[in-house]
Structures are given as C-alpha cells and as structure tokens.
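# A closer look at the structure
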Amino acid sequence: MFPRIDGLRVMEIGTPGASRDGLTSLIRQGLKRGTAGLRSEYDAEGEELEHVGERMVLVDSSGRGIGYLTITAVVVTTFGAVTWEFAQSEGEGDADIEQWRESHRRYFARAHGFDVADSTPVVCVSFEYSP
C-alpha cells in the first residue's frame, strides 16, 4: 500500500537519495511533468492506479512532504509503446525515445531487479506540481 500523509497518497519518485533528490528538483522546477512505473508494482502492493484529478503528496528522500501533484492523465500501455511525447514530459534530458528506454531499463533492473521487455505493462502518469 502506498504511504499516506494527511489522508493523501504519497508519490515517491525514483529511489531515495541522489535519484529522488534530482527528480524532485526537476518537478519543482516545472521540468518533469510525468513518471512511468511498472504495472506489476501496483499489483504487488494491492494499490489502485492514480486517477485524473487525484491530489498526491510529493515526498523527498526522507519521506517528508515537499509539495503536491495533481494527476492530469494516466495511461496503461506497454514499455515498447510509450510515446516520445510522454518520455519528454519526464524532463530527464533524454535525446530520443531509445535513450529513454535504455535509461528506464537500467533503472528498473537496478531498483527492482526486473528486466523490462517491450511487452512489459507500464503506467504513465502525468501531473502538475504545486508547492
């Protein structure tokens, strides 16, 4: 189950430490407006997908709330079908969709011990940030 703060679900971007600190900084600067996660993570945690209009708490590496995310879109697709438009919304500086796929394959393997195939279901979440 996702952690809660003041009754709102928490959004944990990346893994705690340098990864999360860098990604939350991009969000706070308005450069990162989307994130992708493995569909299987929701199933393993017994958690529902985010939904349009949902307000979530963005947390830092220590789990402290640092702002709010309002969900603007949720798309379940396969890893190989993620669009360049969505990849760009992640704001992580990828030059093209292939670079995005490679960096995300490395991340999922490192963080979750999971090799991602083009057919792997992913959840693409778009959001707006507010302090």
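Described in the following lines is the structure provided in the data block. (Residues numbered from 1 in each chain as written. Predicted model: local features only at pLDDT ≥ 70, side-chain atom pairs only at ≥ 80, totals over all residues. Heavy atoms only, no water.)

### Digging into helix α4 (residues 97-112)
Under the 1.5 Å per step criterion, the end-to-end length of α4 is 21 Å for 16 residues, consistent within 8% with the ideal 22 Å. For α4, every residue scored as buried is listed here: Ile-97, Trp-100, Arg-101, Ser-103, His-104, Tyr-107 and Phe-108. Tucked into the core, α4 has its buried residues touching β3 (34-38) and α3 (84-89). The residue sitting at the N-terminus of α4 and contributing the capping side-chain oxygen is Asp-96; that oxygen lies 3.1 Å from the backbone nitrogen of Glu-98. Within two residues after α4, Gly-113 carries a phi angle of roughly 65°, on the positive side. (Helix = DSSP H or I, 4+ residues; strand = E, 2+ residues; numbered from the N terminus. Expected span 1.5 Å × (residues − 1). Buried < 20%, exposed > 50% of the residue type's maximum accessible area, 1.4 Å probe, protein only. Contact = heavy atoms within 4.5 Å. Polar contact = N/O pair within 3.5 Å; in protein donor to acceptor, adjacent residues only side chain to side chain.)

### Focus: the side chain of Thr-24
Tracing the backbone through its elements, the reader meets Thr-24 in helix α1 (residues 18-28). Reaching out from Thr-24, the side chain makes a polar contact with the backbone oxygen of Asp-21 at a distance of 3.2 Å. Discounting chain neighbours no more than four positions away, the residues touching Thr-24 are Leu-58, Val-59 and Ile-66.

### Concerning the packing of aromatic side chains
Under the criterion given, the structure shown has three aromatic pairs. Lying across the ring of Tyr-68, Arg-55 places its NZ or CZ 3.7 Å from the centre. (Phe/Tyr/Trp six-rings, centres within 6.5 Å; stacked < 30°, edge-to-face > 60°. Lys NZ or Arg CZ within 6 Å of the ring centre and 35° of its normal.)

Taken by themselves, the reported measurements are silent on function.
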